[in-house]
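So you can see what is in the structure, the chains are spelled out below.
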Amino acid sequence: MSSVPNRRRGVPPPLPPPPTRTVAPRRVRTTSPIATTVARVVAGTAIGAEASRFFRAIGFGLLGLCVAVAAVMADVYFHRGVETSASPPYVVQVSGRALATNVDLLAFAPENLDKVVSNLKSSGFFEVRQPFSWSVIEPARGQFAWDRYDRIVDTLNAHGLQITAVLARSPDWARAPSGIGAFDAPPANDADYASFVQQVVDRYRGKLQYAQLWDLPNRADHWGGTAATPIQYADLLALGSNAARDDASIKVVLAEFDPTGDGAFGADLRFLGAIYDLGRADFFDVVAARVDGGTSSPYDRAVDGNRMNLSRATLFRELLIDKGDETKPLWLTHYGWRASEQTAISAQDQAEFLVGGIQRARAEWPWLGLMFAWDLMPNGSAPDSADYALLNPDGTGRAAYQALDAFGRSPDSTLAGTGFVPMDSRPVTYYRDWQDQHLETCVFESKSGTVYKTVSETTASVTVRFRGTGVSACLRESTTSGKLRATLDGGQLPGWSGDGDGSVIDLKVDQAQNVWLDLASGLDDAPHELVLTLETDGELTIGGLVVSRQPPLVWPCALLLVAAFVLIVRALRDLSYLAATSAGYLQRRRGVELTPPLPHLPDWRPARRT
């Protein structure tokens, strides 16, 4: 019997098992535990979906807070010191904001004086800060030499330039022995200084507009070799102010203080704060500051007590607000940049910065009034004066003077900027015979010195050119007032009824009062022309106008705030969801495997025939 087993016909014999192969182990790439953990956290497999959402929410929240802080910092940087004048109380400027300069006209020959002043006016300079040397005017007690100053005052008045008289430089006879020989020194008796101030005021009554009482008293060389203490200057200020105000039309300007008078930067602010702490605020109408632009452009908005730039003026404004004197104007009695190799400021940079600083101040700082260019001519008694001066020693104009001359002759120089516009300033022009009238202002007491203008001739008008987004006017309502017609850019006032040729406002009421009327708002930040005309019989009396302007560069802060809001809302949303699910108010989502493994298929191949 055969040992070969029976096979069904057609069924192949089974194949022998395949030979065994030895397969080398696959090399596995090793990964650090840290990387593995990070990958699992990112995938949400190591800490769970809830924990992942929690940390994501914390991240969004922290990022949102950082963006919010950045928005606040940006707002402080862009808008610190910027005021819109959109609502009272206003800083009532006792002057306009025309071009101004420091000059000692005694340096010019008498026959050239008229030409010098004429050139200043044609270049747009309507304010000068002129030293009145006590030692020149009264070289011996009771003996006065007025001739040289008479000529200066008469020439300036003839050309319509206003004068800030700096009353300092005592004669030797008035000094204590220790002060004899110094550049300047205080009087041994403050009453002697008050007498000198009284003599100047009486001599030039109605011809001087401002009296600045002393100069740089916190500097040793201006106070007999030892810098004044606040109480020493405060006593001199009180007596001098009472004497100057014998002429009610004169406004008293506080002395300029040196920023490094006590050896450390910021001495001017400390000295000014001490004057306020001594209760002497009522003895001056204007605060003076000495501001050097340093090495920064006028658009450097950083404000720091140790930083030398134009924005440092903001610190004076903040001090006045802190002392409760926010309605008092600030002047820069020395303003400029030093053009030299040490500062890396070229003559052309200096020229552009001077004009740019004036434009910025007019647009953003309604609390800042006159800005006196550092020096018209090099001052031999002041170091580095030639680097600040507008003219060369030979009288030719430097780039700085040429730039200010071009600005002063341009229409932009006569545009009223943001803030109070006095009725006797350059942006205001009159048709017909308007008269001065002294009344209490719309907001403040009469000591602010606001001059009203009044007229009773029908069709008399006043035109004000300004740059801003709104304008208000201080108007007198009374039983004798008439109706005025107001036009803005040739048409009626926006938001007021009118006939196409303007808007008519009736000022006749039963009881006399001064009121602020908002004439326009929401305008384009561009030049505008407002015309107020007496339409009917009666009187039209105006005490001033205020130009308002929306703050610049708001959109970067707004974008950052919106981004911060979105991030914080996202963070709160995730945290709220986690809190609700933990409390059982919401059902947790079930995890869904997005890439499940494929099912294992059995071997489908047919067996091979043998």
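Everything numeric in this text was worked out from a predicted model, so none of it was measured. (Residues numbered from 1 in each chain as written. Predicted model: local features only at pLDDT ≥ 70, side-chain atom pairs only at ≥ 80, totals over all residues. Heavy atoms only, no water.)

Participant: Give me the sheet that holds strand S10 (residues 428–431): which residues, what numbers.
Facilitator: Ordered in space as S10-S13-S18-S15-S16, the five strands form an open sheet in which the pairing is antiparallel. Two strands bound the open sheet, and with one partner strand each, they are S10 and strand S16 (503–506). The mean angle between the axes of side-by-side strands here comes to 25°, regardless of whether they run parallel or antiparallel. Pairing between strand S15 (residues 483–488) and S16: four bridges, direction antiparallel. In the strand pairing of S16, Ala486 is matched with Ser503. (Pairing = 2+ DSSP bridges. Helix = DSSP H or I, 4+ residues; strand = E, 2+ residues; numbered from the N terminus. Axes fitted to C-alpha atoms, helices over the stretch in contact; angles between N-to-C directions.)

Participant: If you had to explain the pattern of salt bridges to someone new, which residues and values would you point to?
Facilitator: Throughout the structure, instances matching the rule amount to 31 salt bridges. We note a salt bridge from Arg205 to Asp202, for which the minimum N-O separation is 2.7 Å. Note that Arg245 and Asp285 form a salt bridge whose closest N and O atoms lie 3.0 Å from each other. On the criterion of sequence distance, the pair formed by Arg245 in the loop between helix H7 (230–244) and strand S5 (251–253) and Asp285 in the loop between helix H8 (267–277) and strand S6 (287–292) is long-range, its members being 40 residues apart. The exposure class of Arg245 is partly exposed, given its relative accessible area of 30%. Judged by its relative accessible area of 14%, Asp285 is buried. Salt bridges sharing partners connect three or more residues here, namely Arg129, Asp215, Glu256 and Arg290. (Salt bridge = Lys/Arg side-chain N within 4 Å of Asp/Glu carboxyl O. Buried < 20%, exposed > 50% of the residue type's maximum accessible area, 1.4 Å probe, protein only.)

Participant: Now, about helix H10 (residues 347–364): what can you tell me, with residues and values included?
Facilitator: Taking 1.5 Å per residue, 18 residues should reach 26 Å; H10 reaches 26 Å between its end C-alpha atoms and fits that length. Buried residues of H10: Gln350, Ala351, Phe353, Leu354, Val355, Gly356, Gly357, Ile358, Arg360, Ala361, Arg362 and Glu364, and no others. Here the buried face of H10 lies against strand S1 (99–102), strand S7 (330–336), strand S8 (368–373), helix H11 (385–388) and helix H12 (399–409). (Expected span 1.5 Å × (residues − 1). Contact = heavy atoms within 4.5 Å.)

On their own, these measurements won't tell you what the molecule is for.
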